[in-house]
Amino acid sequence: VAKTSLTSPPWPEVKLPDPVEEAKYHAAEVVRKVNGLISAGEYGRLFAVVHFASKQWKITSEDLIMIDNILEAECGDRIRMEKVLLVGADDFTLIGRPLLGKDLVRVEATVIEKTESWPKVNVHFWRRHNFQRKKIIANPQTVLRINSIEIYPCLS
Amino acid sequence: MVVLSAARWVRSRLSDRFWRVQEVLKNARHFRGRKNRCYKLAVRSVRRAFVRSTKARKEKKRFLRALWITRIEAASLEHGLKYPAFISNLLKSQVELNRKVLADLAIYEPKTFKSLAALAQRRRQEGFLAALGDGKEPEGIFSRIVHQHY
């Protein structure tokens, strides 16, 4: 059959590696190496991407985070953040799909202060229509300090 | 102001005018020109400033999202991927990082961003392979392809 413009797809032909072999390589080499690095403790500072208070935060240890609402915890309470999306160090990253396991990462934080924000002024004004509304909003905020991020060598 | 009877209330005059004026002028102190000193001009400027800040609080969200998208596009082009391909393939591989965090990773964690780009590229190629199908001809009479040998 003659070759037309539609015989081969417009994207370049790419040979992907064999999935069985790739799974073997991944399990043997990559997982073993990363587990070894974790258990030997040869990572510097860890960073994590955490989903907390309906926002995603990129955090490290000794970090301050300001949440724009009230948390049901007193000042000084230790909190464990469970929805971890990504953990990384200098040599390796653990990407969760979408979350990482709770037995793999542990992110601890302490509630430091519970304040209100600065008084924000909401003004609505239509000229020539005698329409003016003024409202001052001071929404409650919580400040958390991230104490530590720990990972355990339980990859598979 | 405390006024203790109806007769006195009718005859009372404003005594805290200074503080009412200062309440408006304190929001105008950093303005330029006479509107940071003169009450009549300051009232209008302060009102417009507050209205603009309320509208800007809504637009800030749109602006920041566009900024993050521009930054992620630049970073993924450095790794040879376009932004729609990068984002769609990341979502198809069940990685649900939002644009704010992706932009931060692109700035501060270049190695992690490179690995995410490689993940998206690999998922893209697997998608192309799946789209090609088996390479066989379809079944049926009307969809049968007629081979002409010359």
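The present account deals with the structure reproduced in this document. (Residues numbered from 1 in each chain as written. Chains lettered and ligands numbered in written order. Predicted model: local features only at pLDDT ≥ 70, side-chain atom pairs only at ≥ 80, totals over all residues. Heavy atoms only, no water.)

### As for the overall build of chain A
Argument step 1. The helix and strand inventory of chain A stands at 1 helix and 10 strands.
Argument step 2. The secondary structure elements of chain A, listed N-terminal to C-terminal, are α-β-β-β-β-β-β-β-β-β-β.
Argument step 3. Relative to its length of 156 residues, chain A is extended, with a C-alpha radius of gyration of 25 Å against a globular reference of 15 Å.
Argument step 4. Projected onto the principal axes, the alpha-carbon positions of chain A cover approximately 80 × 55 × 20 Å.
Argument step 5. A buried classification covers 32% of the 156 residues belonging to chain A.
Argument step 6. Looking at chain A as shown, the accessible area adds up to about 10,400 Å², and 53% of this sits on carbon and sulfur atoms.
Argument step 7. Here chain A carries 22 positive and 20 negative side-chain charges, and the mean point of each set is 11 Å from the other. (Helix = DSSP H or I, 4+ residues; strand = E, 2+ residues; numbered from the N terminus. Rg over C-alpha atoms; globule rule 2.2 N^0.38 Å. Buried < 20%, exposed > 50% of the residue type's maximum accessible area, 1.4 Å probe, protein only. Areas by Shrake-Rupley, 256 points an atom, 1.4 Å probe, with all protein chains shown as cover. Lys, Arg positive; Asp, Glu negative; His and termini not counted. Charge placed at Lys NZ, Arg CZ, Asp CG, Glu CD.)

### Here we look at the sheet that holds strand 7 (residues 105-116) of chain A
The pairing of strands in a sheet happens through backbone hydrogen bonds and is either parallel or antiparallel.
All names here are of chain A.
Argument step 1. In space, the 4 strands of this open sheet follow the order 3-10-7-4, with antiparallel pairing throughout. Two strands in the sheet have a free side with no partner beyond their single neighbour: strand 3 (63-67) and strand 4 (78-81). Put simply, the sheet's adjacent strands are angled 35 degrees from each other on average, direction ignored. (Pairing = 2+ DSSP bridges. Axes fitted to C-alpha atoms, helices over the stretch in contact; angles between N-to-C directions.)

### Focus: the pattern of salt bridges
Argument step 1. For the coordinates displayed, the defined rule picks out 9 salt bridges over all chains.
Argument step 2. For glutamate 109 of chain B, the salt bridge is made with lysine 58 of chain A, and the minimal N-O distance between the two is 3.2 Å. Residue glutamate 109 of chain B is found in the loop between helix 5 (99-108) and helix 6 (110-132), and its partner lysine 58 of chain A is found in strand 2 (residues 55-60); the two belong to separate chains.
Argument step 3. We classify lysine 58 of chain A as partly exposed; its relative accessible area is 24%.
Argument step 4. Residue glutamate 108 of chain A is joined to arginine 106 of chain A by a salt bridge in which the shortest nitrogen-to-oxygen separation is 2.8 Å.
Argument step 5. On the accessibility criterion, arginine 106 of chain A (29% relative accessible area) is partly exposed. (Salt bridge = Lys/Arg side-chain N within 4 Å of Asp/Glu carboxyl O.)

### Let's talk about the layout of surface pockets
A probe matching the size of a water molecule, rolled over the atoms, marks out where space remains unfilled.
Argument step 1. By volume, the largest pocket amounts to about 1,100 Å³.
Argument step 2. His26, Val30, Val31 and Thr93 of chain A together with Leu119 of chain B are the residues nearest the centre of the largest pocket, which is lined by 30 residues in total.
Argument step 3. Going through the elements one at a time, helix 1 (19-40) and strand 6 (93-95) of chain A together with helix 6 of chain B are the ones with two or more residues in the lining of the largest pocket.
Argument step 4. When residues of the lining of the largest pocket are assigned to their parent elements, the largest contribution, 11 residues, is made by helix 1 of chain A.
Argument step 5. Classifying every residue of the lining of the largest pocket by side-chain character gives 16 nonpolar, 6 polar and 8 charged.
Argument step 6. Volume-wise, the second largest pocket comes out at about 900 Å³.
Argument step 7. As for the second largest pocket, its lining consists of 19 residues, of which Lys55 and Asp68 of chain A together with Lys60, Lys61 and Leu64 of chain B are closest to the centre.
Argument step 8. Looking at the lining of the second largest pocket, the elements that each hand over two or more residues are strand 2 of chain A together with helix 3 (39-78) and helix 5 of chain B.
Argument step 9. Residue contributions to the lining of the second largest pocket peak at 8 residues, all from helix 3 of chain B. (1 Å grid on protein atoms, 1.4 Å probe; cavity = no way out; pocket = protein on both sides within 12 Å on 5 of 7 lines; lining within 4 Å. Points joined across faces, edges and corners; volume = space filled by probe spheres on them. Nonpolar A, V, L, I, M, F, W, Y, C, P; charged D, E, K, R; others polar.)

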